[in-house]
Amino acid sequence: MIYHLYQRSITYKGKKIKAWYYWYYDDAGKQIRKTCGIHGPCTLKREAQAFIEKLPDPDKIKKAITFNQFCEHMFDDNSPYLIKRKNKGIDYKPQTLYQHRLYLGKFLAQFGTLEVNELQVFDIDNWLLTLDLSNSVKNSIITVIKEIYSELYVYHLIPQIPLIQMYKRNDTKLKGILTQREIKYLFPDDYNELLKIWHTKGSSEIDTYMFATMIFLIISTGMRNCEARAIFYNQLVQRDALLINAMIDSEDERTNVLKKGDVGNKKWRVVILPEKTARMLDNLIQMNTSNLSDYIFTYKGEPMTTDYLRNHFRRVLMNNNIDWKKRNIGIHSLRFTYDTMMKPEISGNDLRLMIGHVSPQMTDYYDRSQALEHLPALLLNKSKIDSIFN
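Nothing here was measured: the structure is a model prediction, and the numbers come from that model.

Quick notes on the rules
Residues numbered from 1 in each chain as written. Predicted model: local features only at pLDDT ≥ 70, side-chain atom pairs only at ≥ 80, totals over all residues. Heavy atoms only, no water. Helix = DSSP H or I, 4+ residues; strand = E, 2+ residues; numbered from the N terminus. Rg over C-alpha atoms; globule rule 2.2 N^0.38 Å. Buried < 20%, exposed > 50% of the residue type's maximum accessible area, 1.4 Å probe, protein only. Contact = heavy atoms within 4.5 Å. Lys, Arg positive; Asp, Glu negative; His and termini not counted. Charge placed at Lys NZ, Arg CZ, Asp CG, Glu CD. Core = buried A, V, L, I, M, F, W, Y, C linked by side-chain atoms within 4.5 Å. 1 Å grid on protein atoms, 1.4 Å probe; cavity = no way out; pocket = protein on both sides within 12 Å on 5 of 7 lines; lining within 4 Å. Points joined across faces, edges and corners; volume = space filled by probe spheres on them. Nonpolar A, V, L, I, M, F, W, Y, C, P; charged D, E, K, R; others polar. Pairing = 2+ DSSP bridges. Axes fitted to C-alpha atoms, helices over the stretch in contact; angles between N-to-C directions. Parallel < 35°, antiparallel > 145°, perpendicular 65-115°, else oblique.

**What about the overall build of the chain?**
- Tallying secondary structure elements over the chain gives 18 helices and 10 strands in all.
- Taken over C-alpha atoms, the radius of gyration comes to 27 Å for the chain, far larger than the 21 Å a tight globule of 390 residues would show.
- Dimensions of the chain, computed from C-alpha atoms along their principal axes, come out at roughly 80 × 60 × 40 Å.
- Relative to its full complement of 390 residues, the chain shows a buried share of 45%.
- Excluding contacts between residues fewer than 6 apart, the proportion of contacts in the chain whose partners are at least 24 apart in sequence is 63%.
- Here the chain contributes 55 positively and 44 negatively charged side chains, and the mean placements of these two sets differ by 3 Å.

Printed below as a string of structure tokens:
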């Protein structure tokens, strides 16, 4: 037997329990001991047995192993590698796993039959140069390759992890922003003029007004589009303040953990609404009383998708002689626009608090009460915000 089970007494959450472990000898003859638990101690022998049966057999992992043999199933559901990563607190999202499997497939199609110690870095570099893919995708492939090599190193199949240089992103053109004059033109106070500007073929009156309101909300608060798409009515903590405590993730699921956050630090924050934004939201809520959804912004009864948001926004800009392509203006440009306009007006700390930029001085938000603690101080900026966006 390669792996050997044994039981030992430990203290867990203040109690004495018996947990299962396993040991084996590494290539150097050193005895290695590890736990059979994934999220905590393993107390049942049958679970411990099932755990070690999923572990790779060291006798089958020799120097002559090929990439196909070593990593073909690396990102399969419940693979030993994914179980180990999860045990270390790294849990891949379904979309990430899908992409990893796709990039692993490309790598193995080219190099799968090679032995793991045969492949050279220049072979990988030359292969990547032949691919008709963006630098961003090539970097994602390199990330997967680095994971493979890290695992090879763990099993002493390579003497060191090779250095594979990442590509410079080829979409580094600065995001364009809207000018204050363009903002005033695109969002007139007159209701009918606003509808005329934001209407696109096939859109109803409520859809048109809802979309215009959503875009103005984003540009006048600096929130991310994934946060705006997730807004529930109960996030309006008062008429001119909005708690940002949710977003729509890459799987189109609503989550209460914001970008760069985690379960322990969700990155919640509060933003101040200019009077014009609050007024537009008031009108929308009155118009949309038949909406049974918790979401403020919907299309055909569902939260707006990124594609719908982007395509509608582009059509509106082109209809109003704003060349979004030439100026590189997208939905995320609205966040840049807000940041640019507010920098001269309010303190850097207040701006970071509202826009959600990470900094050493920025307070981390763990729950609703802590996020709202900053509301009174941020409201002191209300008149300056109104002067820009009204």
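There is more to say, and it comes next.
**Overview of the nonpolar core**
- Of all hydrophobic cores here, the largest spans 61 residues; its most connected members are Leu 178, Trp 198, Ile 215, Met 223, Phe 297 and Phe 313.
- It is helix α9 (residues 205-221) that provides the largest number of residues to this core, a total of 10 residues.
- Counting residues in hydrophobic clusters, the runner-up holds 32 residues, among them Phe 70, Tyr 92, Leu 152 and Ile 158.

**Examining the layout of surface pockets**
- Considering only enclosed or pocket space, the second largest pocket measures out at about 590 Å³ in volume.
- In terms of lining, the second largest pocket is formed by 21 residues, of which the most central are Asn 225, Thr 306, Arg 310, Ile 331 and His 332.
- Elements with a minimum of two residues in the lining of the second largest pocket: α10 (225-228), β6 (247-248), α12 (306-319), α13 (324-327) and α14 (331-342).
- For the lining of the second largest pocket, the element with the highest residue contribution is α12, accounting for 3 residues.
- Looking at the lining of the second largest pocket residue by residue, the class counts come to 6 nonpolar, 6 polar and 9 charged.

**As for unusual backbone geometry**
- Residue Lys 13 is not a glycine yet carries a positive backbone phi of 55°.
- Turning to its location among the elements, Lys 13 is positioned in the loop between β1 (4-12) and β2 (15-25).

**Quick notes on the sheet that holds strand β5 (residues 241-244)**
- Taken together, 3 strands build an open sheet; the order of strands is β4-β5-β8 and the sheet is antiparallel. Looking at which strands have only one partner, the edges of the open sheet turn out to be β4 (236-238) and β8 (269-272). Each neighbouring strand pair of the sheet contributes to a mean axis angle of 35°, computed without reference to strand direction.
- Pairing between β4 and β5: 2 bridges, direction antiparallel. Directly across from Gln 238, in β5, lies its bridge partner Ala 241.

**Here we look at the environment of Ile 124**
- Mapping Ile 124 onto the fold places it in helix α5 (residues 121-130).
- A relative accessible area of 0% places Ile 124 in the buried class.
- Along the primary structure Ile 124 and Ser 140 are separated by 16 residues, whereas in three dimensions their C-alpha atoms are 14 Å apart.

**Side note on the sheet that holds β2**
- Taken in spatial order, the 3 strands make up an open sheet running β1-β2-β3, and their pairing is antiparallel. In this open sheet, the two edge strands, each paired with only one partner strand, are β1 and β3 (31-35). Adjacent strand axes in the sheet meet at a mean angle of 35° when their direction is disregarded.
- With 9 bridges joining them, β1 and β2 adopt antiparallel strand pairing. Its bridge partner being in β2, Thr 11 is matched across the sheet by Lys 16.
- Of the strands in this sheet, β1, β2 and β3 are in contact with helix α1 (residues 45-53), which crosses β2 at around 25°.

**Remarks on the packing of α9 against α12**
- At a minimum axis separation of 12 Å, α9 and α12 run at an interaxial angle of 95°. Of the possible angle classes, the one that applies to α9 and α12 is roughly perpendicular. Each of Phe 211, Met 214 and Ile 215 in α9 lies in contact with α12, whose residues at this interface are Tyr 308, Leu 309, His 312 and Phe 313.
- A class-by-class count of the residues in the contact of α9 with α12 yields 6 nonpolar, 1 polar and no charged.

In short, geometric facts, not functional conclusions.
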